[in-house]
Amino acid sequence: MKRIYGILNAILIAATLVSCIVYDRLGGLGLKALTASGFVMLGAVNAVYAMRAKTHSRKFPTVMALGLLVCMIGDVVLNIWFIPGALIFAVGHLFYFAAYCCRMRFAKKDLLPSAILFAASALIITAVPIFDFGSPLMKGICLVYAFVISCMVGKALANLFREQSAVTVLTAVGSILFYVSDFMLLLNIFAGAPPITDTLCLFTYFPAQCLLAHAIYRYVNSKE
């Protein structure tokens, strides 16, 4: 069973990354949704693997899979209505944060990396003059989003500091790539940055989601 699900992981990751390349060239909301469905399917497959393998704790696989689904929804909505899409994405990050807490119970020392990252993010949003958010509301939404994703990335890093394993490495790298992707999006939309930032956004976002989805598979194997 482990080998079969390993092959499925390889196929779905490859398909998602190929679809990302095609989407970068052709664009289109339908193709974006199709590409995003790749990492959602990967998460679902690995959640089923966790159920079939009778993993002792299924909270991490289940919450991670839900986070992937919510992010896909946010990804699609973002292209239609920016603010609702950003808020849905923030909920997706909260699912990831909750999953990381299921993996390792939250401790006070976990606050430090999140606080440092949010302080840097808030400083960039509020003090760097190249950004034009158009209204205080939009700036506020970006600050809230920055806080949520900083908590997610900070908890992933805190888990990595406490334990070096395939799961913690994948979630930490995936979360960092997610942050980089969102920063590229911020530059593209609110700073008038060159189109390369849009490409970098895509080519960090989809690999990030694949790494997070694949972490479920590694988690199941670590519990065998």
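For the structure, see preceding data.
Note that the structure is a prediction, hence the values are computed from the model and not measured.

Moving on, we get to the overall build of the chain. Regarding its fold elements, the chain presents 8 helices and 0 strands. The order of α-helices and β-strands along the chain, N terminus first, is α-α-α-α-α-α-α-α. Relative to the compact-globule value of 17 Å for 224 residues, the chain shows a C-alpha radius of gyration of 17 Å, a close match. In terms of overall dimensions, the chain has a C-alpha envelope of 55 × 45 × 25 Å along the principal axes.

Tracing the backbone through its elements, the reader meets Leu117 in helix α5 (residues 111-127). Those residues in contact with Leu117 that sit more than four places away from it in its chain are Ser150, Val153 and Tyr179.

Here the largest pocket defines a volume of roughly 300 Å³. As for the largest pocket, its lining consists of 18 residues, of which Lys32, Asn79, Leu185, Asp198 and Cys201 are closest to the centre. Only α1 (2-26), α3 (59-78), α4 (82-103), α7 (166-190) and α8 (196-222) provide two or more residues apiece to the lining of the largest pocket. Along the lines of polarity and charge, the residues of the lining of the largest pocket split into 10 nonpolar, 3 polar and 5 charged.

Further remarks concern empty space enclosed by the protein. Vacant regions in the atomic arrangement are exposed by a probe of water-molecule size rolled over the atoms. Under the criterion given, the structure shown has 1 cavity of 30 Å³ or more. Empty space within the largest cavity amounts to approximately 320 Å³. Elements represented by at least two residues in the lining of the largest cavity include exactly α4, α5, α6 (136-162) and α7. Examining the composition of the lining of the largest cavity, we find that 7 residues originate from one element, α7, more than from any other. Of the residues contributing to the lining of the largest cavity, the split by class is 17 nonpolar, 1 polar and 1 charged.

Conventions adopted
Residues numbered from 1 in each chain as written. Predicted model: local features only at pLDDT ≥ 70, side-chain atom pairs only at ≥ 80, totals over all residues. Heavy atoms only, no water. Helix = DSSP H or I, 4+ residues; strand = E, 2+ residues; numbered from the N terminus. Rg over C-alpha atoms; globule rule 2.2 N^0.38 Å. Contact = heavy atoms within 4.5 Å. 1 Å grid on protein atoms, 1.4 Å probe; cavity = no way out; pocket = protein on both sides within 12 Å on 5 of 7 lines; lining within 4 Å. Points joined across faces, edges and corners; volume = space filled by probe spheres on them. Nonpolar A, V, L, I, M, F, W, Y, C, P; charged D, E, K, R; others polar.

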